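Given next are the chains, with one letter for each unit.
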Amino acid sequence: MNHSSAITAAKPAAEVLDPRTLGRPVHLMKEFAEELRERLESLLREQLNRRYRAAFELGDVTIDAAGSSQPSGDWLMLELAAGRLACRFERELVLAVMSYRYGGAPLGADAPRTSTEDRLAGLLGRELLQGLATQLGAEDRGLPLRAAPQRDAWLLRVPVFDMRLQLRSTLLLALDAGWMNQLLRERSPR
């Protein structure tokens, strides 16, 4: 047996550091992630769980640089003076909201896409993005457009669960570099 190959195989791969995080208090973003989770839980409670007797719950929000791992799909983007915000709902989540809102069993992912589904995703996205803009302190408002976030955006992943519907989904938010720079400046020790 060749011991050197066994030793080589046991070495963990070197972690690649994102140069955007070096020397920056990225660890302080945990507080922002928790504040965001509380805001989203409040939105779920008021807009869906109480109104439609839904049972949506959220997992822990994670934040990381998107880079080349930016998920494809339908994004809704809000362009503000301070930068761009974007969100993306997985289709299963939109279908689950439709089920609660309009009654009936949730449609399967293979069901044809409808204009009702698109309108609901747009409505949810608009509420979410404008709430996030308020939390970030943006004073201007606009109407969201269908566009993907920039490659230098930071992704916030929010796991969404509904045990009644056996749903495990993810809500994605993207903050562009301008917003992240502002958040890191605001949260860094003086």
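Residues numbered from 1 in each chain as written. Predicted model: local features only at pLDDT ≥ 70, side-chain atom pairs only at ≥ 80, totals over all residues. Heavy atoms only, no water.

### A closer look at the layout of surface pockets
Then comes step 1: Its boundaries defined by the atoms lining it, the largest pocket holds a volume of some 190 Å³.
Then comes step 2: Taken together, 15 residues make up the lining of the largest pocket; nearest its centre are D74, F89, V94, R113 and A121.
Then comes step 3: Contributing elements (two or more residues each) for the lining of the largest pocket: strand 4 (83–89), helix 3 (91–102) and helix 4 (115–136).
Then comes step 4: Here the lining of the largest pocket is built from residues that sort into 6 nonpolar, 1 polar and 8 charged. (1 Å grid on protein atoms, 1.4 Å probe; cavity = no way out; pocket = protein on both sides within 12 Å on 5 of 7 lines; lining within 4 Å. Points joined across faces, edges and corners; volume = space filled by probe spheres on them. Helix = DSSP H or I, 4+ residues; strand = E, 2+ residues; numbered from the N terminus. Nonpolar A, V, L, I, M, F, W, Y, C, P; charged D, E, K, R; others polar.)

### Some remarks on the pattern of salt bridges
Then comes step 1: Enumeration according to the criterion identifies 5 salt bridges in this entry.
Then comes step 2: For D74, the salt bridge is made with R113, and the minimal N-O distance between the two is 2.7 Å. Separated by 39 residues along the polypeptide, D74 in the loop between strand 2 (62–65) and strand 3 (76–80) and R113 in the loop between helix 3 and helix 4 bring together distant segments of the chain.
Then comes step 3: Residue classification places D74 among the partly exposed residues on the basis of a relative accessible area of 44%.
Then comes step 4: Residue classification places R113 among the partly exposed residues on the basis of a relative accessible area of 46%. (Salt bridge = Lys/Arg side-chain N within 4 Å of Asp/Glu carboxyl O. Buried < 20%, exposed > 50% of the residue type's maximum accessible area, 1.4 Å probe, protein only.)

### Let's talk about the packing of aromatic side chains
Then comes step 1: The final tally for this structure, using the stated rule, is 1 aromatic pair.
Then comes step 2: For the ring pair F56 and Y100, a centre distance of 5.5 Å and an interplane angle of 75 degrees mean the geometry is edge-to-face. Here Y100 lies in helix 3 and F56 lies in the loop between helix 2 (29–52) and strand 1 (57–58), a separation of 44 residues in the sequence. Taken as a pair, F56 and Y100 share a single burial class, namely buried. (Phe/Tyr/Trp six-rings, centres within 6.5 Å; stacked < 30°, edge-to-face > 60°.)

### A word on the confidence of the model for the protein
Then comes step 1: When pLDDT is averaged along the protein, the result is 83; 83% of the residues meet or exceed 70.
Then comes step 2: Taking the mean pLDDT of every element in the protein, the minimum, 53, falls on helix 1 (residues 3–10) and the maximum, 96, on strand 1. (pLDDT = per-residue confidence, 0-100.)

### Focus on the nonpolar core
If you look at soluble globular proteins, the nonpolar side chains tend to sit buried side by side.
Then comes step 1: In terms of nonpolar packing, the biggest core is built from 47 residues, with F32, F56, L85, F89, L132, L136 and L175 touching the most fellow members.
Then comes step 2: Sequence-distant contacts of F32, that is, excluding residues within four places in its chain, are made with I63, L132, Q135, L136, L156, L175, L183 and R187.
Then comes step 3: The next biggest cluster of nonpolar side chains, apart from the first, holds 7 residues, and it includes M77, A86, L172 and A174. (Core = buried A, V, L, I, M, F, W, Y, C linked by side-chain atoms within 4.5 Å. Contact = heavy atoms within 4.5 Å.)

### Examining helix 2
Then comes step 1: An ideal rise of 1.5 Å per residue puts 34 Å on 24 residues; helix 2 measures up with 32 Å between its terminal C-alpha atoms.
Then comes step 2: Its axis deflected by about 45 degrees at R45, helix 2 carries its strongest bend there.
Then comes step 3: Inspection of helix 2 places M29, F32, A33, L36, R37, L40, L44, L48 and N49 among the buried residues, and these make up the whole buried set.
Then comes step 4: Following helix 2 by one or two positions, R53 has its phi on the positive side, about 55 degrees. (Expected span 1.5 Å × (residues − 1). Bend = angle between axes of the 7 residues up to and from the residue.)

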